[in-house]
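For reference, the chains in residue letters:
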2 protein chains.
Amino acid sequence: MPNKRFKKFLSVKGFKFTKEREEIFSEIMLIEGHFDPDELFITMKTKGSKVSRASIYRTIPLLVDGGLIEKVEMTDRHAHYEKKPGKRHHDHMICSICGKVIEFYSPELEKLQESICRKEKFKALRHSLEIMGRCGDCG
Amino acid sequence: MPNKRFKKFLSVKGFKFTKEREEIFSEIMLIEGHFDPDELFITMKTKGSKVSRASIYRTIPLLVDGGLIEKVEMTDRHAHYEKKPGKRHHDHMICSICGKVIEFYSPELEKLQESICRKEKFKALRHSLEIMGRCGDCG
DNA sequence: CATTTAATTGAGATTTAGTCTCAGTTTAAA
DNA sequence: TTTAAACTGAGACTAAATCTCAATTAAATG
Ligand SMILES: [Mn+2]
Ligand SMILES: [Mn+2]
Ligand SMILES: [Zn+2]
Ligand SMILES: [Zn+2]
């Protein structure tokens, strides 16, 4: 389970493996698709969790650093994340009419980006590509 | 001057060409590189402008819609923009160590994106690609 | 197991980017 | 001109994210 990876990451970094962090982490692992910290907080609270909003906002960057989730930074005013393993990297098309999000992955595009970075002597760690426009349904 | 383009855009959309909008627009055109709305407000205020923060926040989306500026949405907590004409579209590599921003433009990459969108029946209007990592200087 | 200490927590205050309200003003078309 | 709709500024408001600090807890050490 990815639980092991999280535990490992924490100990390597000298952070503690607390029940709050575990709870937050495993709740996130249940989520299919995007989530935002506050909606996660509400969900957990509804389920009876005592974990605070502060702990959620503190744990999320740890998970990002540990490579377990990634920021997808939607068009909205607040940050969105999604878990990384289980779903390989992909980019987004976002319809500005209906809000639909089309996930896509193009190996050619990824390759091309890598070669561009190489040319600039830039060591890419992650990237975010969002294409805004109108989806097929919205003409 | 791009001023004409802005005026045209406003009249086509049925919006009014006010002195506030003109002032904001021409101030932006003076800026080389990125800016954020609040720093623009301070700059203008310092120069003696009476334009309100609200008008700045109201005018910026108009300029984006009109294709005169674009959101670059930096890693920060608030939005950044930059003027579009004079400088053709480009994407960004951002060094997470020193913060350096490398602007690049790859016609191949743009072409590839277009063809991917066509495949999804998605009509792309704009996009933002940010590659995070470490620049040459930062190893 | 008991001790110790630095990390972590929750509650709520604080910050701040961005939006909204509304009465008064301005634009531009007629 | 006149007129109607668009626009403005001041400041209230919203909400995402961060911070504060006293109390708690993980986990290393003996
Ligand atoms: Mn990609
Ligand atoms: Mn591009
Ligand atoms: Zn759509
Ligand atoms: Zn650097």
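Residues numbered from 1 in each chain as written. Chains lettered and ligands numbered in written order. Predicted model: local features only at pLDDT ≥ 70, side-chain atom pairs only at ≥ 80, totals over all residues. Heavy atoms only, no water.

**Q** Honestly, the pairing of strand β3 (residues 91–95) of chain A in this entry has me stumped. Any pointers?
**A** Along any regular strand, the residues point their side chains to alternate faces of the sheet. Residues and elements named next belong to chain A. In terms of burial, β3 is largely enclosed, as five of its five residues are buried. Burial along β3 is two-sided: Asp91, Met93 and Cys95 facing one way and His92 and Ile94 facing the other are all buried. Direction of pairing for β3 relative to strand β4 (residues 101–104): antiparallel, over a ladder of four bridges. Bridging across to β4, His92 finds its partner in Glu103. Connecting β3 to the antiparallel partner β4 that follows it, the hairpin turn spans five residues, and Gly99 within it adopts a positive phi of roughly 85°. Note that β3 and strand β5 (residues 123–134) share four bridges and pair parallel. By the bridge assignment, Cys95 is partnered in β5 with Gly133. (Buried < 20%, exposed > 50% of the residue type's maximum accessible area, 1.4 Å probe, protein only. Helix = DSSP H or I, 4+ residues; strand = E, 2+ residues; numbered from the N terminus. Pairing = 2+ DSSP bridges.)

**Q** So what exactly am I meant to see when it comes to the sheet that holds strand β5 (residues 123–134) of chain B here?
**A** Hydrogen bonds between backbone atoms are what pair the strands of a sheet, whose relative direction is either parallel or antiparallel. As summarised here, the arrangement of the six strands in space is β4(A)-β3(A)-β5(A)-β5(B)-β3(B)-β4(B), forming an open sheet in which the pairing is mixed. The open sheet terminates on both sides in strands that have one partner only, identified here as β4 of chain A together with β4 (101–104) of chain B. In this sheet, adjacent strand axes meet at a mean angle of 20° when their direction is disregarded. As judged from the eleven bridges shared by β5 of chain A and β5 of chain B, these two strands associate in the antiparallel manner. The partner of Arg134 of chain A across the bridge, within β5 of chain B, is Lys123 of chain B. Where helix α5 (residues 107–119) of chain A meets the sheet, it contacts β3, β4 and β5 of chain A together with β3 (91–95), β4 and β5 of chain B, and its direction lies at approximately 130° from that of β5 of chain A. (Axes fitted to C-alpha atoms, helices over the stretch in contact; angles between N-to-C directions. Contact = heavy atoms within 4.5 Å.)

**Q** What am I meant to see in helix α3 (residues 37–46) of chain B here?
**A** Residues and elements named next belong to chain B. When we look at burial in α3, the residues that qualify are Pro37, Leu40, Phe41 and Met44. In an axial view of α3, the angular spread of the buried residues amounts to 100°, which keeps them on one side of the axis. Elements that come into contact with the buried residues of α3 comprise α2 (19–30), α4 (53–65) and β2 (81–83). Positioned one or two residues after α3, Gly48 has a phi angle of 100°, which is positive. (Arc of directions from axis to C-beta.)

**Q** What's the story with the environment of Ala79 of chain A in this structure? I'm lost.
**A** Residues and elements named next belong to chain A. By the element assignment, Ala79 lies in the loop between β1 (69–71) and β2 (81–83). The spacing of Ala79 and Phe35 is 44 residues in sequence and 8.7 Å in space, taken between C-alpha atoms. When sequence neighbours within four positions are dropped, the list of residues in contact with Ala79 reads Phe35, Asp36, Pro37, Lys71 and Glu73.

**Q** Looking at this structure, I do not really get the protein's contact with DNA strand D. What am I missing?
**A** Close contacts around DNA strand D come from 20 residues, with Lys16, Thr18, Arg21, Ser52 and Ser55 of chain B the closest. Per the 4 Å cut-off to the protein, sugar and phosphate atoms form 72% of the nearby atoms of DNA strand D. Here Arg58 of chain A contributes a side-chain N or O atom positioned 2.9 Å from a base oxygen of DNA strand D. Taking Arg21 of chain B, its side chain carries an N or O atom lying 2.5 Å from a phosphate oxygen of DNA strand D. Listing elements by their share of the surface near DNA strand D, those giving two or more residues are α4 (53–65) of chain A together with α2 and α4 of chain B. Taken together, the residues that form the surface near DNA strand D break down as eight nonpolar, four polar and eight charged. (Near = heavy atom within 4 Å. Polar contact = N/O pair within 3.5 Å; in protein donor to acceptor, adjacent residues only side chain to side chain. Nonpolar A, V, L, I, M, F, W, Y, C, P; charged D, E, K, R; others polar.)

**Q** What is the right way to look at the environment of Asn3 of chain B in this model?
**A** Residues and elements named next belong to chain B. Tracing the backbone shows Asn3 in helix α1 (residues 2–13). Accessibility expressed as a relative area gives 18% for Asn3, which makes it buried. Sequence separation between Asn3 and Arg134 is 131 residues, and the spatial gap between their C-alpha atoms is 38 Å. Apart from the residues lying within four places of it in its own chain, the contact partners of Asn3 are Phe17, Glu22 and Phe25.

**Q** Looking at this structure, I do not really get the packing of α3 of chain B against α4 of chain B. What am I missing?
**A** Think of two packed helices as two axes; the pair is described by the angle between the axes and how far apart they sit. Residue and element names in this part refer to chain B. Close contact between α3 and α4 brings their axes to 10 Å; oriented N to C, the two are set at 130°. Relative to α4, the element α3 is oriented oblique. Where α3 crosses over α4, the two elements pack in a sense that is right-handed. On α4, the residues that touch Pro37, Asp38, Leu40, Phe41 and Met44 of α3 are Arg53, Ile56, Tyr57 and Ile60. Classifying every residue of the contact of α3 with α4 by side-chain character gives seven nonpolar, no polar and two charged. (Parallel < 35°, antiparallel > 145°, perpendicular 65-115°, else oblique. Left-handed = near helix turned anticlockwise from the far one by under 90°.)

**Q** Teacher, can you tell me more about the coordination of the manganese ion (ligand 1) here?
**A** Six octahedral donors around a metal ideally make angles of 90 or 180 degrees; four tetrahedral donors ideally make 109.5 degrees. All names here are of chain A. The protein atoms that coordinate the manganese ion (ligand 1) are His89 (NE2), Asp91 (OD), Asp91 (OD), Glu110 (OE) and His127 (NE2), at distances of 2.0 to 2.8 Å. Each donor residue of the manganese ion (ligand 1) belongs to the same chain, with the gaps between them written as H-x1-D-x18-E-x16-H. With His89 in the loop between β2 and β3 and Glu110 in helix α5, this pair connects stretches of sequence that are 21 residues apart. The class for Glu110 is buried, based on a relative accessible area of 10%. (Donors = N, O, S within 2.8 Å, 3.2 Å for Na, K, Ca; no water.)

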